[in-house]
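Notes for the structure review
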Amino acid sequence: MASLRSNTAARVVLPSARRLARVPSQPLRSVEDFRDRILRGDCIEQLKSLPNASVDLVFADPPYNLQLEGALNRPDQSLVDAVDDDWDKFSSFADYDAFTKAWLTEAQRVMKPNATLWVIGSYHNIFRVGAIMQDLGFWILNDVIWRKANPMPNFRGRRFTNAHETMIWASRNASSKGYTFHYDALKAANEDTQVRSDWYLPLCTGGERLKNSKGSKVHPTQKPEQLLARVILSSSNPGDVILDPFFGTGTTGATAKRLGRHFIGIERDADYANAASARIAAVEPLDDTSLVIVPTKRSEPRIPFSALIEAGLIAPGVELVDAKRRFRAKIKADGSLVLGPATGSIHKIGALAQGLPACNGWSFWHIEKGDDLIVIDTLRQDIRASMPAD
Ligand SMILES: C[S@@+](CC[C@H](N)C(=O)[O-])C[C@H]1O[C@@H](n2cnc3c(N)ncnc32)[C@H](O)[C@@H]1O
């Protein structure tokens, strides 16, 4: 998949807090009122103000609940820049679980029926989050491993290098239908090979990493835009609304804007929210033509075999043959095929001819044009091409 170059300045000038969107005191009703805004405050409270079934995708990077005990030093005694912020502290696992259940419940409520949710975490929290998701009825589609190209070493040498984070990707519930997954576009951009569930990507460093005026990191866990780009491109469409309830420095918002999607961010820390706002303001969206998605086979209009007869592309009574001309089946006026005593669809008769449980009749059967054979899928594509665009 093409990597996405960041145009984010390394040092951000923090805007005044007044420039940030605030939640008005009057209840807002439509999702348009929240689009492309950072809602400041506790995510559970802010999520409650969003309408039901209003967002297309959720990306959540919640507190890890790292439970760090004491400072961590490198062998040269320099201090490791670990996540020891207040936002990551919980009094117990039960406390963390209650928090997780509360925000996931609200996230599930605001998801459209066909929306999906991604949660990223480490071994400290991801198993608890995954179990709670299943308890709430989310339907897990994949767990994706982000394998870090440049992980932090294990300084004490007492464990393996912790070199990955896990993302759980889930639909709203087991019966959710029609969620977005750009299978064909992803495969086409991956040397025509299915994209695997282990993604090898670097940490967020260099020019993309936001620094304050003293040169220190603005946020300890800023995620790489490349990771978010892969999430967004695989499971959303241009124009979709993507919610991130733990917005931090706005990696989701910056990437969503660049890729022609809308975002809703929630962040309770004013410094992070300010940094996110400045970062997103500097992003130039890609032009619309670069965002067109290759249609998946499933999203193409369904053409029954009988449409080829109705369109005059094949006549009843003609025989279809396989690529090696071993089998011949006669076409009936209703679009079924006859092979010996058997009658059925192009798929059923193709399977029967080969003694297989299933067959794609569109690629199995051909019409004869002199010595040449034309696979019937070509005729189906001709009909599709002649249909007016949506
Ligand atoms: C792991 S960081 C997310 C980093 C972000 N993905 C990025 O790339 O910058 C989690 C963020 O959630 C925020 N946070 C934690 N608890 C929160 C809560 N209850 N409501 C809103 N934000 C919260 C923290 O301030 C922190 O910025």
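Just above sits the structure.
Here's a quick rundown of the structure. (Residues numbered from 1 in each chain as written. Predicted model: local features only at pLDDT ≥ 70, side-chain atom pairs only at ≥ 80, totals over all residues. Heavy atoms only, no water.)

**Quick notes on the overall build of the protein chain**
If you tally the helices and strands in the protein chain, you get eleven helices and 14 strands. Across the 390 residues that make up the protein chain, the buried fraction comes to 43%. In the protein chain, of all internal contacts separated by at least 6 residues, the share reaching a separation of at least 24 is 68%. Here the protein chain displays about 20400 Å² of accessible surface, and carbon together with sulfur accounts for 51% of that area. (Helix = DSSP H or I, 4+ residues; strand = E, 2+ residues; numbered from the N terminus. Buried < 20%, exposed > 50% of the residue type's maximum accessible area, 1.4 Å probe, protein only. Contact = heavy atoms within 4.5 Å. Areas by Shrake-Rupley, 256 points an atom, 1.4 Å probe, with all protein chains shown as cover.)

**Describing the sheet that holds strand β5 (residues 164-171)**
What the eight strands build is an open sheet, ordered β1-β8-β7-β2-β3-β5-β4-β6; its pairing is mixed. Sheet topology places β1 (37-40) and β6 (198-201) at the edges, where each strand pairs with a single neighbour. Across this sheet, the average inter-strand angle for adjacent strands is 20°, counted without regard to direction. Alignment of strand β2 (residues 55-60) against strand β3 (residues 111-121), held across five bridges, turns out to be parallel. (Pairing = 2+ DSSP bridges. Axes fitted to C-alpha atoms, helices over the stretch in contact; angles between N-to-C directions.)

**Let's talk about the site of the ligand**
The environment of the ligand is formed by 21 residues, the closest being Asp42, Asp61, Thr249, Thr251 and Glu267. In the model, a nitrogen atom of the ligand is placed 2.8 Å from a nitrogen or oxygen of the aspartate 42 side chain. Within the contact set of the ligand, a nitrogen atom lies 2.8 Å away from a backbone nitrogen or oxygen of cysteine 43. When the ligand is considered free in solution it has 600 Å² of accessible area, and contact with the protein chains removes 99% of it. The class makeup of the residues in the shell around the ligand is nine nonpolar, seven polar and five charged. (Near = heavy atom within 4 Å. Polar contact = N/O pair within 3.5 Å; in protein donor to acceptor, adjacent residues only side chain to side chain. Nonpolar A, V, L, I, M, F, W, Y, C, P; charged D, E, K, R; others polar.)

**Some thoughts on the packing of aromatic side chains**
Here the structure, examined in full by the defined rule, presents 13 aromatic pairs. Plain terms: the ring middles of tryptophan 169 and tyrosine 179 are 5.6 Å apart, the flat faces sit at 90° to each other, and that makes the pair edge-to-face. Of this pair, tryptophan 169 sits in strand β5 while tyrosine 179 is found in the loop between β5 and α4 (183-188), placing the two residues ten residues apart along the sequence. Given the relative accessible area of 33%, tyrosine 179 is considered partly exposed. By the ring-pair criterion, three or more aromatic residues cluster together here, those being Trp118, Trp169, Tyr179, Phe181, Tyr183 and Trp199. Sitting above the plane of the phenylalanine 93 ring, arginine 128 keeps its charged end 4.1 Å from the centroid. Looking at lysine 148, its charged tip hangs above the ring of tryptophan 146, at a distance of 5.1 Å from the centre. (Phe/Tyr/Trp six-rings, centres within 6.5 Å; stacked < 30°, edge-to-face > 60°. Lys NZ or Arg CZ within 6 Å of the ring centre and 35° of its normal.)

**Points about the pattern of salt bridges**
Taken as a whole and judged by the stated rule, the model has 16 salt bridges. Measuring nitrogen to oxygen at the nearest pair gives 2.7 Å for the salt bridge that ties arginine 196 to aspartate 198. Of the charged contacts in the structure, one is a salt bridge between glutamate 368 and arginine 325, with a shortest N-O distance of 2.8 Å. Of this pair, glutamate 368 sits in strand β13 (residues 366-369) while arginine 325 sits in the loop between β9 (319-321) and β10 (328-331); the two residues are 43 residues apart in sequence, bridging distant segments of the chain. Among the charged side chains, a salt-bridge network with shared partners connects Glu319, Arg325, Arg328 and Glu368. (Salt bridge = Lys/Arg side-chain N within 4 Å of Asp/Glu carboxyl O.)

**Let's talk about the side chain of aspartate 322**
Within the secondary structure, aspartate 322 sits in the loop between β9 and β10. Of the polar contacts made by the side chain of aspartate 322, one reaches the backbone nitrogen of arginine 326; its length is 2.7 Å. Leaving out residues up to four positions away in the same chain, aspartate 322 has contacts with Phe327, Phe364, Trp365, His366 and Leu373.

**Remarks on the nonpolar core**
Considering soluble globular proteins, one finds that nonpolar side chains tend to be buried as a cluster. Among the nonpolar cores identified, the biggest contains 32 residues, and Trp103, Leu117, Met133, Leu243 and Ile264 are the most heavily contacted of them. Of all the elements in the fold, those that place two or more residues in this core are α1 (43-48), β2, α2 (93-110), β3, α3 (126-135), β5, β7 (241-244) and β8 (262-267). Sort the elements by how many residues they give to this core and α2 lands first, with six residues. Isoleucine 264 has contacts with Val31, Phe34, Arg35, Arg37, Leu39, Leu50, Val55, Val241, Ile242, Leu243 and Asp244, leaving out every residue within four places of it along the chain. (Core = buried A, V, L, I, M, F, W, Y, C linked by side-chain atoms within 4.5 Å.)

**Concerning helix α5 (residues 225-235)**
Since one α-helical turn is 3.6 residues long, residues separated by three or four positions face the same way. Taken across its eleven residues, α5 has nine buried, putting it largely inside the fold. Residues of α5 that are buried: Glu225, Leu227, Leu228, Ala229, Arg230, Val231, Ile232, Ser234 and Ser235.

**A word on a nonpolar patch on the surface**
Taken together, the side chains of Tyr179, Phe181 and Tyr183 make up a nonpolar region of the molecular surface, amounting to roughly 250 Å² of accessible area. Structurally, tyrosine 183 can be placed in helix α4. (Patch = residues over 30% accessible without salt bridge, like charges linked within 9 Å, V, L, I, M, F, W, Y side chains within 5 Å.)

**So, unusual backbone geometry**
Residue alanine 53 is not a glycine yet carries a positive backbone phi of 45°. Checked against the element boundaries, alanine 53 lands in the loop between α1 and β2. Overall, alanine 53 belongs to the partly exposed group, its relative accessible area being 36%.

**Here we look at α3**
Looking only at α3, the buried set comprises Ile126, Val129, Gly130, Ile132 and Met133. Down the axis of α3, the buried side of the element spans an arc of 165°, and every buried residue falls inside it. Every exposed residue of α3 that faces more than 90 degrees away from the buried side is listed here: Phe127, Gln134 and Asp135. In the core, the buried residues of α3 are packed alongside α2, β3, β4 (139-148) and β5. Note on α3: the residue one or two positions beyond its end, glycine 137, has a positive phi of about 100°. (Arc of directions from axis to C-beta.)

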